[in-house]
Amino acid sequence: MEDAGKYLNRVQTSAENLAAQLRQKSNAPLDLYVDTVAMQAITHAMSIEPMSVTRDDLARIHIIRDSLHDALQKAQDGQDEHGHSIEQLLNSISRLYVDVERLVQHNDRAIAEAKEVVDSLAATSRAIVQPAITQEVSEQANSIITSVNITQRTINLNILNFDGNTINLVREFKMNIKRLSASVFAIRLNFDMGVVFEGTIRFLNDGVDKIIADIIKFSEFISEKYQKVEDLIDAISPIIDKGTRFVKFIGNVIKDIFNGDDEDNKTVAFSLQSKAASPAVTCASVGSDGDVLFAGRRGMSGTYTKRTGQFLRLPAPSQDDIHSVSLLPRGLGYVAGTPEGLLWMQGVDRNRGTVRSSFSERISAVQVMDWGGAGAAIVSGSKSGHVRRWTLSGGLSAHRNGTRISSEKFGKCVHTITKWSDKIVVAVDEKVLVLDEHLEIQSEVPVDRPIRAMCTFSNDSVVIVGTGLLAEVNLTRGAYNRMLTVSPSTEYVAVQPLAERIAVVGTANGTVRAIDINSGTEIGELQSDLALRGLAVTGNIVFAYGGPWRTDGTSILRILWKEQFAQ
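Residues numbered from 1 in each chain as written. Predicted model: local features only at pLDDT ≥ 70, side-chain atom pairs only at ≥ 80, totals over all residues. Heavy atoms only, no water.

K.L.:
Any details on the overall build of the protein? Residues and values, ideally.
P.N.:
Looking only at helices and strands, one finds 9 helices and 33 strands in the protein. Each principal axis of the C-alpha atoms in the protein carries an extent, and together these give about 95 × 55 × 45 Å. Looking at the protein as a whole, 55% of its 567 residues are labelled buried. Relative to all contacts within the protein whose residues are 6 or more apart in sequence, the contacts with residues 24 or more apart total 56%. Of the roughly 25000 Å² of accessible surface on the protein, a fraction of 46% belongs to carbon and sulfur atoms. Here the protein carries 60 positive and 67 negative side-chain charges, and the mean point of each set is 7 Å from the other. (Helix = DSSP H or I, 4+ residues; strand = E, 2+ residues; numbered from the N terminus. Buried < 20%, exposed > 50% of the residue type's maximum accessible area, 1.4 Å probe, protein only. Contact = heavy atoms within 4.5 Å. Areas by Shrake-Rupley, 256 points an atom, 1.4 Å probe, with all protein chains shown as cover. Lys, Arg positive; Asp, Glu negative; His and termini not counted. Charge placed at Lys NZ, Arg CZ, Asp CG, Glu CD.)

K.L.:
So what about the packing of helix 1 (residues 5-23) against helix 4 (residues 87-105)? Which residues, and what values?
P.N.:
Packing of helix 1 against helix 4 leaves a shortest axis separation of 9 Å and a crossing angle of 160°. The orientation of helix 1 relative to helix 4 falls into the category roughly antiparallel. Crossing geometry of helix 1 relative to helix 4 is assigned as left-handed. Across the interface between the two elements, Tyr7, Leu8, Arg10, Val11, Ser14, Ala15, Leu18, Gln21 and Leu22 of helix 1 pack against Gln88, Leu89, Ser92, Ile93, Arg95, Leu96, Asp99, Val100, Arg102 and Leu103 of helix 4. Here the contact of helix 1 with helix 4 is built from residues that sort into 11 nonpolar, 4 polar and 4 charged. (Axes fitted to C-alpha atoms, helices over the stretch in contact; angles between N-to-C directions. Parallel < 35°, antiparallel > 145°, perpendicular 65-115°, else oblique. Left-handed = near helix turned anticlockwise from the far one by under 90°. Nonpolar A, V, L, I, M, F, W, Y, C, P; charged D, E, K, R; others polar.)

K.L.:
Give a description of the sheet that holds strand 3 (residues 266-278) that names residues and reports values.
P.N.:
Reading across the sheet, the 4 strands line up as 3-33-32-31 and stay open at both edges, with antiparallel pairing between neighbours. With one partner strand each, in any of the chains shown, strand 3 and strand 31 (532-538) form the two edges of the open sheet. Within the sheet, the average angular offset between the axes of one strand and its neighbour, ignoring direction, is 25°. Bridge analysis of strand 32 (residues 541-546) against strand 33 (residues 553-565) gives 5 bridges, and the strand direction is antiparallel. For Ile541, the partnering residue across the bridge sits in strand 33 and is Leu560. (Pairing = 2+ DSSP bridges.)

K.L.:
Explain the packing of helix 1 against helix 2 (residues 36-46) to me, using residue names and the numbers behind them.
P.N.:
Between helix 1 and helix 2, the shortest axis-to-axis distance is 8 Å and the interhelical angle comes to 150°. Looking at the two axes, helix 1 sits roughly antiparallel to helix 2. For helix 1 against helix 2, the interelement crossing comes out left-handed. Of helix 2, the residues touching helix 1 (which contributes Val11, Gln12, Ala15, Leu18, Ala19 and Leu22) are Met39, Gln40, Thr43 and Met46.

K.L.:
Before we move on, can you summarise unusual backbone geometry with the specific residues and values?
P.N.:
Unlike most non-glycine residues, Ser421 shows phi in positive territory, near 55°. By secondary structure assignment, the location of Ser421 is in the loop between strand 19 (414-420) and strand 20 (423-428).

K.L.:
Outline the packing of aromatic side chains, listing residues and values.
P.N.:
Scanning the model with the defined rule gives 8 aromatic pairs in all. On the numbers, 4.3 Å between centres and 10° between planes, the contact of Phe173 with Phe218 is stacked. Of this pair, Phe173 sits in helix 7 (residues 164-192) while Phe218 sits in helix 8 (residues 198-225), placing them 45 residues apart in sequence. Take Phe218: its relative accessible area is 8%, and that puts it in the buried class. Judged by centre distance (5.7 Å) and plane angle (75°), the rings of Phe311 and Phe543 are edge-to-face. Within this pair, whereas Phe311 is found in strand 7 (residues 310-314), its partner Phe543 is found in strand 32, the two being separated by 232 residues in sequence. Looking at Phe543, the relative accessible area reads 0%, which means it is buried. Among the aromatic residues, those joined into a ring-pair cluster are Phe294, Tyr304, Phe311, Phe543 and Tyr545. Cation over ring: Arg10 sits above Tyr7, and NZ or CZ is 5.5 Å from the ring centre. (Phe/Tyr/Trp six-rings, centres within 6.5 Å; stacked < 30°, edge-to-face > 60°. Lys NZ or Arg CZ within 6 Å of the ring centre and 35° of its normal.)

K.L.:
If you had to explain helix 4 to someone new, which residues and values would you point to?
P.N.:
In a regular helix each residue adds 1.5 Å, so 19 residues correspond to 27 Å; helix 4 covers 27 Å between its end C-alpha atoms and thus fits that length. When we look at burial in helix 4, the residues that qualify are Leu89, Leu90, Ser92, Ile93, Leu96, Asp99, Val100, Glu101, Leu103 and Val104. (Expected span 1.5 Å × (residues − 1).)

K.L.:
Explain the side chain of Ser318 to me, using residue names and the numbers behind them.
P.N.:
Structurally, Ser318 is set in the loop between strand 7 and strand 8 (324-327). Judged by relative accessible area, Ser318 falls into the buried class, the value being 10%. One polar contact links the side chain of Ser318 to the main-chain amide nitrogen of Asp320, over a distance of 2.9 Å. Leaving out residues up to four positions away in the same chain, Ser318 has contacts with Arg298, Gly299, Leu343 and Arg356. (Polar contact = N/O pair within 3.5 Å; in protein donor to acceptor, adjacent residues only side chain to side chain.)

K.L.:
Can you break down the pattern of salt bridges residue by residue, with the values?
P.N.:
The final tally for this structure, using the stated rule, is 25 salt bridges. Between Arg179 and Asp57 there is a salt bridge whose closest N-O contact spans 2.9 Å. In this pair, Arg179 sits in helix 7 while Asp57 sits in helix 3 (residues 55-82), placing the two residues 122 residues apart along the sequence. Judged on exposure class, the residue Arg179 and its partner Asp57 are both buried. A salt bridge links Glu491 to Arg452, with the shortest nitrogen-to-oxygen separation between them at 3.2 Å. Note that Glu491 is positioned in the loop between strand 26 (479-483) and strand 27 (492-499) and Arg452 in the loop between strand 22 (441-446) and strand 23 (453-456), a separation of 39 residues in sequence. Glu491 gets classed as partly exposed once you look at its relative accessible area, which sits at 35%. For Arg452, a relative accessible area of 42% puts it in the partly exposed group. Ionic contacts of the salt-bridge type, sharing partners, join the residues Asp57, Arg60, Glu172 and Arg179 into one network. (Salt bridge = Lys/Arg side-chain N within 4 Å of Asp/Glu carboxyl O.)

K.L.:
If you had to explain the environment of Lys419 to someone new, which residues and values would you point to?
P.N.:
As for its placement among the helices and strands, Lys419 is situated in strand 19. Taking the C-alpha atoms as reference, Lys419 lies 7.4 Å from Met369; in sequence the two are 50 residues apart. Here the side chain of Lys419 touches Val368 through a polar contact of 3.2 Å, landing on its backbone oxygen.

K.L.:
For the sheet that holds strand 8, give the residues involved together with the corresponding values.
P.N.:
Spatially, the 4 strands line up as an open sheet ordered 8-9-10-11, and their pairing is antiparallel. Single-partner strands in this sheet number two, and they are strand 8 and strand 11 (354-356). Each adjacent strand pair in this sheet contributes to an overall mean axis angle of 20°, direction not counted. Bridge analysis of strand 9 (residues 334-338) against strand 10 (residues 341-345) gives 5 bridges, and the strand direction is antiparallel. The residue bridging Thr338 from the neighbouring strand is Gly341, located in strand 10.

K.L.:
Explain the pairing of strand 19 residue by residue, including any values.
P.N.:
Burial of strand 19 is extensive: 5 of the 7 residues sit out of reach of the surface. Bridge analysis of strand 19 against strand 20 gives 6 bridges, and the strand direction is antiparallel. Paired with Lys419 across the bridge in strand 20 is Ile424. The turn joining strand 19 and strand 20, which pair antiparallel and follow one another in sequence, is formed by 2 residues; a positive phi near 55° is taken by Ser421.

K.L.:
Can you break down the pairing of strand 23 residue by residue, with the values?
P.N.:
Sheet faces and side chains relate simply in a regular strand, where the side chains alternate between the two faces. Looking at chain direction, strand 23 and strand 24 (residues 461-466) are connected through 4 bridges and run antiparallel. Opposite Ala453, over in strand 24, you have Val465 as the bridge partner.

So, in structure tokens, the structure goes:
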């Protein structure tokens, strides 16, 4: 990228000069000669600071560059037709066009890699789009680009309100709203041509999705830290709202165009079948036979037997609150995490015997792995950020790797642990870790916001949720697959896989939703008044569990779900 630096600088300078000229008053009606909204988006795409340019930025430049040539031709033809003198505008567009061409033709590895990405996207499935869809895309994209321009002016008016430590965040935010403008324009550009390529549109829409997530984080930060920037917050809000709607709209368009009537074009119907009451339920574990173990407040435990469809309340093994539970292989019972430490219940049906771990800590997550026998494959996570491995040999004791106890501290708090092949995936603080049987880090993905729940979703990914968070993390690449756009105030507390590329999520206020992870579309919903804490899926049943903490009440909802083809 260093070799391309001087060319990027020239492009940035030319783009900023053109943007300044577009803002100036002119004796000529510029709308007769150029699409001013398009030109604004083009200057946004071309004026990213060179030191911050990414591969995606370069890819967008490759995608947009032809529109710059078309704009130059339109302006030249318009001058011949309408007779106004627009030489200065023509010179500015021409200068930017020349500088962009020099950049993309420069022999640089980063530029070449970006071009390879664009070429590979253009080799994907293509489809003809209807004029009505093109018009809708154009209107939504233009509205976002206009909002970006308003926000840029508001930033400049508020710049003195920020301290030195925040200026870099403001600078990154300014580049992100330029990226947003460039991305939605590039999508508009593809639809304007009447033929769209699936890979290109998905790539650009995913980019919009991630940018909106970053803008939301910036908005949350400045609204908490500064009291004198209400007008900036007011300017950012329309960008978030319009951008969120745009991502979902394009996601649905992608489904309609490229999925047609195939199996992905589905909805999910939920229907509430029954309720159960008990002390609050905080956790559950689904066995290989489809039976479900529930546990929670004051040692509450119970089972659902899939074969009979019956619930059975079990004697409490302890008066401790249980915050995590995991079934052991048949006949060995289960392990449970409590504020006092780890418990081993040596049977499920009769709760025959309870063994405590050798020391006390606040356990927040438990998982059982097949690492050489059940007794050697219990992993716990704690509120203090420790991950430990346990064995059932001689009771319930710390596992040793040679002479060393298998224990590591990875952060302030472990939120959840799930399986992935022969490894475990740990959500700790604001990151996802992949650990091997020795609790050594194999990969790490920063998330930058707290994770409330996580589930293994496919052969190579997990889905994570939290407040304002819904994302798929690719474990083999150690990076996001998708950061799906959700409202910053949506408090997701649970997630489980439901069907192929469909997840079921739950909010703290009792809403259960089916999400198409490919498009980010909500394809089914059931609302309840349950204080929801988790979800468990077995066959065609989703169990939503939780309930009031201080008194007994409704704690488990039995919900039937069914996939349906959208009409």
